[in-house]
Amino acid sequence: MASGICEADIIIRAGTIIDGTGRGGFQGDIAVKDGKISALGDLSHMNGKYEYSAEGLVTAPGFIDAHAHSDTAFVRDDSGASKLYQGVTTEISGNCGHSAFPAAPGSSDPWVLPSFGGFLDAFRERGSRMAVNQALLVGHGTLRKAVIGDMDRPAKPEEIYEMKHLLRRDLSDGAWGLSLGLEYAPGCFADLEELTELGKTVREEGGIVTCHMRSEGLEIDKAIDELAAIGRASGVPVHASHLKLDNYTVHGRASKVWEDIVKINREGVRFTADMYPYTASSTTLSIRCPRWCLDGGNEALLRHLQGPRRQEIIDAIRTHYFNAERAETCLFSDDAGLWPEIVGKTLRFVAEDMLGTTDYAEAAAEVLLRTQAKAWCVFFVMSEQDMLYFLSRDICIGSDGYALPGDPDKLSYNPHPRSFGAIAEFFRLVREKGICSLEQAVHRVTGKPAEIFGITDRGHLAPGMAADITVFDPDEIAPRATYLKPVQLAQGVRLVIVNGSVALKDGIQTAERAGQFLRRGDK
């Protein structure tokens, strides 16, 4: 090599660099050396072992999915294709109170381990790999179940002490915070005292508390107040997961909800949020059941559905959700392999055409029984007006989905299309609806989630930062996934670099699996 000419492992040339800070883009090159960004700007004096022309494209930091559930998905399929094809290089996983640790006594899942450190050790010892970085949270529901079980009662002082001990251990090992799932059992059984005490431990360790709030519909104001109270009493930063209004009776209140969040921040509580750009949610059918019947978990629910209180559950399901119109908005997406005929069908269809009834709550109970309470549904419950309002605010984007393979033959169910399209759909809406500038959009999937979660070596393009880079066409990035055909990879992302390795080139995934576990406190 001639004197004065430097060398890099990778040089991305002539792209519009949008660096993740929210500042305006500029034309330039980026050099990567030894897994780090080594230079940025006019690099015509440098040569790279691998060079890629980004002319006409945007060069951005690798996208960060602020809310994911890839807790063990990446050990079952290491491609992470559903996320990588959207330009995602890091996921925040372990959300909604569920994580792969600490294991409850008697757990039979080989990937549910006693501790965060044990999970990382097992991943390494078993020779596993992954395409996308993972930053893992400790699930409060998982933690509570390990100490208390599925019982509906307040935690005893000694149980809170034990939960705090286990939580501190995993936070000290590098977990990023505590996730709450207050609409699910057993998280829904926790009171403010328990949650505040755990929040204090998270604050002491420098983490964050994320929360699937106790209500996202009729009682969303109370739910926001509760999350703010946790932050106020413990001093911990709090974060509302997948912000939405999921009941038609509260549609149109997005501006009021956002004003409340802004006010809470002005009062000194750091309260942030993420969302996905869809008007349908996805969760278990059992979420429509009354809390009392979940005391003891799914096994208790199934006993009640076959016992003398069955009708009470059905009546509560009917009151909570189902009539003819709303049964049409419930689309079954997963049957756990127990009743495959219902996947891709609405509850109304299952009730009327398969079970011969117009009692939709009764049909829901039957589905719960036949699927051992493991059925998942897509619920069309949000309004586009509210969704677009929240998207126009300074909120980061989280898919609420999984890192999945791109081959539909490898999946036995129909996931919500958000796993394959949330980030891409956000950019499509930015382009077509003018929600915000392109620079702001990039910031909201890079620098902003990095700041919220405390990730200091990613989220921006600058020398010394980890080389997670996404190159995309801002005019083409969009999802292909639909509700009925969700396993379709997004389009418009041309190049993805993960930790200095080329993970996707010319829109096609490579054999590289360079994802790493990001640990809080590591530099």
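Residues numbered from 1 in each chain as written. Predicted model: local features only at pLDDT ≥ 70, side-chain atom pairs only at ≥ 80, totals over all residues. Heavy atoms only, no water.

**Some points on the overall build of the chain**
Here comes step 1: Within the chain, the secondary structure is distributed over 17 helices and 21 strands.
Here comes step 2: A globule of 523 residues ought to have a C-alpha radius of gyration of about 24 Å, and the chain, at 23 Å, matches this closely.
Here comes step 3: Principal-axis analysis of the C-alpha atoms places the extent of the chain at approximately 85 × 50 × 50 Å.
Here comes step 4: Buried residues in the chain amount to 60% of all 523 residues.
Here comes step 5: For the chain, contacts bridging at least 24 residues in sequence account for 75% of all contacts bridging at least 6.
Here comes step 6: On the chain, the mean spot of the 56 positive side-chain charges and the mean spot of the 72 negative ones are 2 Å from each other. (Helix = DSSP H or I, 4+ residues; strand = E, 2+ residues; numbered from the N terminus. Rg over C-alpha atoms; globule rule 2.2 N^0.38 Å. Buried < 20%, exposed > 50% of the residue type's maximum accessible area, 1.4 Å probe, protein only. Contact = heavy atoms within 4.5 Å. Lys, Arg positive; Asp, Glu negative; His and termini not counted. Charge placed at Lys NZ, Arg CZ, Asp CG, Glu CD.)

**A few points about unusual backbone geometry**
Here comes step 1: Of the consecutive residues Phe-101 and Pro-102, the connecting peptide bond is found in the cis state with omega at -5°.
Here comes step 2: Among the structural elements, Pro-102 can be located in the loop between strand S7 (88–93) and helix H3 (116–125).
Here comes step 3: Of note, Asp-400 is a non-glycine position whose phi angle comes to about 60°, a positive value.
Here comes step 4: You can see Asp-400 is positioned in the loop between strand S17 (396–397) and helix H15 (418–433).
Here comes step 5: For Asp-506, which is not glycine, the phi torsion reads 55° and is therefore positive.

**Re helix H4 (residues 140–147)**
Here comes step 1: H4 sits mainly inside the fold: six of its eight residues count as buried.
Here comes step 2: All of the buried residues in H4 are His-140, Gly-141, Thr-142, Leu-143, Arg-144 and Ala-146.
Here comes step 3: In the core, the buried residues of H4 are packed alongside strand S9 (138–139), helix H5 (157–172), strand S10 (177–181) and helix H6 (192–204).
Here comes step 4: Of the residues trailing H4, Gly-149 is marked for its positive phi of about 95°.

**Side note on the confidence of the model for the chain**
Here comes step 1: Overall, the predicted model of the chain reaches an average pLDDT of 95, with 98% of residues at or above 70.
Here comes step 2: Per-element mean pLDDT across the chain ranges from 78 in helix H11 (residues 324–327) up to 99 in strand S6 (residues 63–65). (pLDDT = per-residue confidence, 0-100.)

**Notes on the sheet that holds strand S15 (residues 330–334)**
Here comes step 1: With respect to topology, three strands assemble into an open sheet ordered S14-S16-S15, the strand pairing being antiparallel. Edge positions in the sheet fall to strand S14 (280–284) and S15, since each of these pairs with one other strand and no more. In this sheet, adjacent strand axes meet at a mean angle of 30° when their direction is disregarded.
Here comes step 2: For S15 and strand S16 (residues 376–380), the ladder comprises four bridges, and the chain directions are antiparallel. Paired with Leu-331 across the strands is Val-378, a residue of S16. (Pairing = 2+ DSSP bridges. Axes fitted to C-alpha atoms, helices over the stretch in contact; angles between N-to-C directions.)

**Considering the packing of aromatic side chains**
Here comes step 1: Tallied over the full model, the rule gives 15 aromatic pairs.
Here comes step 2: On the numbers, 6.0 Å between centres and 80° between planes, the contact of Phe-119 with Phe-517 is edge-to-face. Placement of Phe-119 in helix H3 and of Phe-517 in the segment after strand S21 (508–509) is noted, with a sequence separation of 398 residues between them.
Here comes step 3: A relative accessible area of 0% places Phe-119 in the buried class.
Here comes step 4: Phe-517 sits in the buried class, given a relative accessible area of 15%.
Here comes step 5: The aromatic ring of Trp-339 is capped on one face by Arg-370, whose charged end is 4.3 Å from the ring centroid.
Here comes step 6: Above the ring of Tyr-389, the side-chain terminus of Arg-393 is found at 4.5 Å from the ring centroid. (Phe/Tyr/Trp six-rings, centres within 6.5 Å; stacked < 30°, edge-to-face > 60°. Lys NZ or Arg CZ within 6 Å of the ring centre and 35° of its normal.)

**Concerning the sheet that holds strand S8 (residues 133–136)**
Here comes step 1: Spatially, three strands are ordered S6-S7-S8 in an open sheet, and the strand pairing comes out parallel. One side of each edge strand has no neighbouring strand; the edge strands of this open sheet are S6 and S8. In this sheet, neighbouring strand axes are inclined to one another by 20° on average, regardless of whether the strands run parallel or antiparallel.
Here comes step 2: The pairing of S7 with S8 spans four bridges and is parallel. Counted as the bridge partner of Ile-92 is Ala-135 from S8.

**What about the pattern of salt bridges?**
Here comes step 1: Per the stated rule, a full pass over the model turns up 40 salt bridges.
Here comes step 2: In this structure, Lys-145 and Asp-150 form a salt bridge, with 3.6 Å as the shortest nitrogen-oxygen distance.
Here comes step 3: On the accessibility criterion, Lys-145 (39% relative accessible area) is partly exposed.
Here comes step 4: With relative accessibility at 18%, the residue Asp-150 sits in the buried group.
Here comes step 5: Measuring nitrogen to oxygen at the nearest pair gives 2.6 Å for the salt bridge that ties Glu-432 to Arg-428. (Salt bridge = Lys/Arg side-chain N within 4 Å of Asp/Glu carboxyl O.)

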